Amino acid sequence: MAAAVGPEAAGVVERFVAETMGRAGRRLDDGTVFLVTGDIPAMWLRDSAAQVLPLLRLGAYCPDGEEFVAGVLRRQLSCITLDPYANAFNAGPDGAGHQRDRTAMSPHVWERKYEVDSLCYPLHLAERFWRGTGRTDVFDELYWRAVERVIEVWEIEQDHEARSTYRFRRRFARSNGTLARRGRGAPVADGVIGLTWSGFRPSDDACRYGYNVPGNMFASVVLARLPRIAEAAPPRNGALIERATRLHEAIEQGLREHAVVDDAVTGPRWAYEVDGRGGVLEIDDANVPSLLSLPRLGYCRTDDPTYQATRAFVLSPRNPYYYQGTAAAGIGSPHTPKRHVWPIALATAALTDPDEAAKRAAVATLLATRGGTDRIHESFHVNRPEKWTRRWFSWAEATFCDLVLDCCGFPVPD
């Protein structure tokens, strides 16, 4: 690896692997693995999946990685059965985290911000685990019970206004940290338009409009893959796959009818959020799933015309969270200060670029913008990389590792 990308990049990967399986991970009494996100002592469903995906790609170069990933996945599935509306969990019922939030909290839950992508990631990881190892034992009763909970929630949240009982309010929070209308979120369409509602984005910020488009696209991907998984390891509930297929088709129809923006500059492209009532948010956020990341998630090819039009928009000053500076240019987020770009987004832009030179240039940029530390941070200022956020953000380092593994020719399980 060092010969392909240089010793500095290889050193980051080696430390990340050791740290993920050591300092960040803890095997619990039930055999599952609790994996913290970094400098916050909680396990995010989204982050923990992203953290272990590089271990699968390393294969024989990480001989203990397979069982470690299996342990993380089983912990994720257990968490979903505990509360499918929660995004981050404790190792046990210790009551840590945001217990004063006005929602149906549990001592098992660190934070209960409902995000569609939080339910996508464990299903995505399970499918990648199967592809990478050939093992179907992860598709057991716990897996299918979690899948059923996910489908149930997504069906309910297709008609958020009439059917959802989910509420979330946080005292003294900024507007992007809580939900309006006494915890229900901004109004969305009455009735079912196909899309499924999300209270929060992958950044943990509140959605401005309740249908997050990349989140729905990610949901469409994981739902579309369930029939093939069911052939390898059938669920006891045969009707579950029929429900998954109907839900996938409904989401796809909703995306076609509500998520496409007519743009005279780029041609038709995707919106970031919509509400089914005419509200459209035209941005992209650094956190994945993002519009930029869609080929990496399996939603479309990199040469898809709508994706190319969307990419042209999000990697331009027309996207209000695209920043250019002397140290880097890329996508930031309202979750972090202005003019801060995210290494996750810089790596994602390169991972979805067929140009190998772009990948190597991104590796060099990320190594050069660590602000005098040895870390890949959450974000950094485009002119002054010594101004950064998050001392230890493992998801960012995992995405850097994915980029390095691309440069070295490691395949993605498929």
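Whatever comes next refers back to the structure up there.
What you see is a predicted model; the values in this text were computed from it and never measured. (Residues numbered from 1 in each chain as written. Predicted model: local features only at pLDDT ≥ 70, side-chain atom pairs only at ≥ 80, totals over all residues. Heavy atoms only, no water.)

Thoughts on the sheet that holds strand β14 (residues 379-381)
Spatial strand order, β13-β14-β15: three strands in an open sheet with antiparallel pairing. Since the sheet does not close on itself, it has two edges, and those belong to β13 (340-341) and β15 (388-389), each with one partner. Relative to β15, β14 is paired through two bridges, and the arrangement is antiparallel. Each bridged residue has a counterpart across the sheet, and for Phe380 the counterpart in β15 is Trp388. (Pairing = 2+ DSSP bridges. Helix = DSSP H or I, 4+ residues; strand = E, 2+ residues; numbered from the N terminus.)

Details of helix α4 (residues 65-82)
Relative to the 26 Å expected for 18 residues at 1.5 Å per residue, α4 spans 26 Å between its end C-alpha atoms, a close match to the ideal helical length. Taken across its 18 residues, α4 has 13 buried, putting it largely inside the fold. (Expected span 1.5 Å × (residues − 1). Buried < 20%, exposed > 50% of the residue type's maximum accessible area, 1.4 Å probe, protein only.)

A closer look at the packing of aromatic side chains
If you walk through the whole model with that rule in mind, you get 14 aromatic pairs. Both rings, one in Tyr85 and one in Tyr166, keep their centres 5.1 Å apart while their planes meet at 10°; by these two values the pair is stacked. With Tyr85 in the loop between α4 and β4 (88-89) and Tyr166 in the loop between α7 (160-163) and α8 (180-183), this residue pair connects regions lying 81 residues apart in the sequence. Comparing Tyr85 with Tyr166, the two get one shared label, buried. Among the aromatic residues, those joined into a cluster by ring pairs are Tyr85, Tyr114, Tyr166 and Trp197. Sitting over the ring of Trp392, Arg23 keeps its end group 3.8 Å from the ring centre. Geometry around Phe313 places Arg269 over its ring, the cationic atom sitting 3.8 Å from the centre. (Phe/Tyr/Trp six-rings, centres within 6.5 Å; stacked < 30°, edge-to-face > 60°. Lys NZ or Arg CZ within 6 Å of the ring centre and 35° of its normal.)

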